[in-house]
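Examination of the molecular architecture
So you can see what is in the structure, the chains are spelled out below.
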Amino acid sequence: MVEHLLAIDDVKDDLEQILKWAIEFKRLWKQGDEVAMNFLPLDTMTIGSIYEKPSTRTRVSFEVGIDRLGGNALTLLKNDIQLGKSETIGDTSQVLSRFLGGMTYRCYGHEDVTELAKHATVPVLNALSYKHHPCQAAADLMTIMEHFDNRENLVVTWVGDGNNVLHDLMLACTMLGIDFRYAVPEGYEPDEDVVERSTAYAAEHKSELMRTVDPKKATDGAHVVYTDVFISMGEEHMEDKMKSFEGYQVNEEMVSNMDDGWRFMHCLPAHRGDEVTDWVMDHEQSIVFDQAENRMWAQMSLLCYFISPDAWSAMGEFMGLV
Ligand code: CP
Ligand code: NVA
């Protein structure tokens, strides 16, 4: 059976290894290691990426990452293909599977990426749906692992909307045993099934999961504060939503409540002046651009893990990860 990445807990048993692989591969590649630079497991393969929504980071990081792994990146913008007009997702998936070594899909409804995967005979990676953003979470946890040597007692906090980015961040943190708190206003809570899964992971990995409506309580003594736009793609008609987020802006006052070594995270794009101030975004303890870069390294590990698992294991062995 072909494996797919629809939500970050699809890799729950191997997430830590996938991230260690990404961190070590990045290090080797940056020092010009010949084995890493000549590691081309996607040689002769084309990986197709379908986009129904705009993207800067996801698109560029996939295209460059695929290229660095020896593959060809084929970007398919929804308006240019038959999908959703004269062809179903299932038929599109079966056709593309005949040509491609793997697919990524950025869509609106999570059921659409699930449908693409159901009919695919090659791996499908979710490049953001309304419910999940697993590639983002992989890059985020990789970034946290790079910035904090010790995950014990680490507290990661979310302040903002109960959205796709929160879902996979919460799942990933609890899966890796990191204490996680989220402050979300009433009416904008994360999906209950995701909270239930995260609660189970937190119990299994002995981490704490706290939910509150009070950003001050959530950030008290925390090490990381993460936020995202209050209005996600597809919610442009919901401008009234902004009123519910008064007091949820990450600013100088909010971070003064945190551990001195606080870090600020954001998946980007950021709406400066709404969910975060310039002072925080541009602060030396803001690690948002490390996160953006790590999209590529984390996705290179994921692409290889799903599409060329033997090569992924062999490289992991070379890097001393087994
Ligand atoms: N964070 C993220 O997914 O950014 P893009 O929308 O630019 O891809
Ligand atoms: N929550 C945002 C994330 C963008 C990367 C959205 O879905 O638009």
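Not measured: the values here are computed from a predicted model. (Residues numbered from 1 in each chain as written. Chains lettered and ligands numbered in written order. Predicted model: local features only at pLDDT ≥ 70, side-chain atom pairs only at ≥ 80, totals over all residues. Heavy atoms only, no water.)

**What to know about the site of ligand 1**
- S55, T56, R57, T58, R106, H133, Q136, C267, L268 and R295 make up every residue found near ligand 1.
- Within the side chain of S55, a nitrogen or oxygen atom sits 2.6 Å from an oxygen atom of ligand 1.
- T58 is positioned such that a nitrogen or oxygen atom in its side chain is 2.6 Å from an oxygen atom of ligand 1.
- When ligand 1 sits alone it has 260 Å² of accessible area, and the protein chains cover 95% of it.
- Of the residues that constitute the shell around ligand 1, the class distribution is two nonpolar, five polar and three charged. (Near = heavy atom within 4 Å. Polar contact = N/O pair within 3.5 Å; in protein donor to acceptor, adjacent residues only side chain to side chain. Areas by Shrake-Rupley, 256 points an atom, 1.4 Å probe, with all protein chains shown as cover. Nonpolar A, V, L, I, M, F, W, Y, C, P; charged D, E, K, R; others polar.)

**Observations regarding the packing of aromatic side chains**
- For the structure shown, the criterion picks out 13 aromatic pairs.
- Seen from their ring centres, W21 and F25 are 4.9 Å apart, and the 20° between their planes marks the pair as stacked. Taken together, the residues W21 and F25, both in helix α1 (residues 15-30) and four residues apart, mark about one turn of the helix.
- A relative accessible area of 1% means that W21 is categorised as buried.
- Here F25 falls in the buried class, since its relative accessible area comes to 1%.
- Ring plane angle 75° and centroid distance 6.0 Å describe the contact between F245 and Y248, whose orientation is recorded as edge-to-face. Accessibility assignment for this pair places F245 and Y248 in one class, buried.
- Every member of this aromatic cluster is reached through a ring pair, and the members are W21, F25, W29, F39, W297, Y305, F306 and W312.
- Just above the ring of Y108 sits the side chain of K53; from NZ or CZ to the centre is 4.6 Å. (Phe/Tyr/Trp six-rings, centres within 6.5 Å; stacked < 30°, edge-to-face > 60°. Helix = DSSP H or I, 4+ residues; strand = E, 2+ residues; numbered from the N terminus. Buried < 20%, exposed > 50% of the residue type's maximum accessible area, 1.4 Å probe, protein only. Lys NZ or Arg CZ within 6 Å of the ring centre and 35° of its normal.)

**A closer look at unusual backbone geometry**
- A cis geometry characterises the amide bond from L268 onward to P269, with omega recorded as 5°.
- Locating P269 in the fold gives a position in the loop between β9 (263-266) and α11 (278-281).
- Of note, L128 is a non-glycine position whose phi angle comes to about 120°, a positive value.
- Relative to the helices and strands, L128 resides in the loop between β4 (124-126) and α6 (134-147).
- Given a relative accessible area of 6%, L128 falls into the buried group.
- One non-glycine residue with positive phi stands out, namely K206, at about 60°.

**Overview of the site of ligand 2**
- Around ligand 2, the surrounding shell consists of L128, N163, N164, V165, D228, S232, M233 and L268.
- Take N163: an N or O atom from its side chain is 3.3 Å from a nitrogen atom of ligand 2.
- At a separation of 2.8 Å, an oxygen atom of ligand 2 approaches a polar backbone atom of M233.
- Notes on ligand 2: free accessible area 270 Å², of which the protein chains cover 95%.
- Its residues placed into classes, the shell around ligand 2 shows four nonpolar, three polar and one charged.

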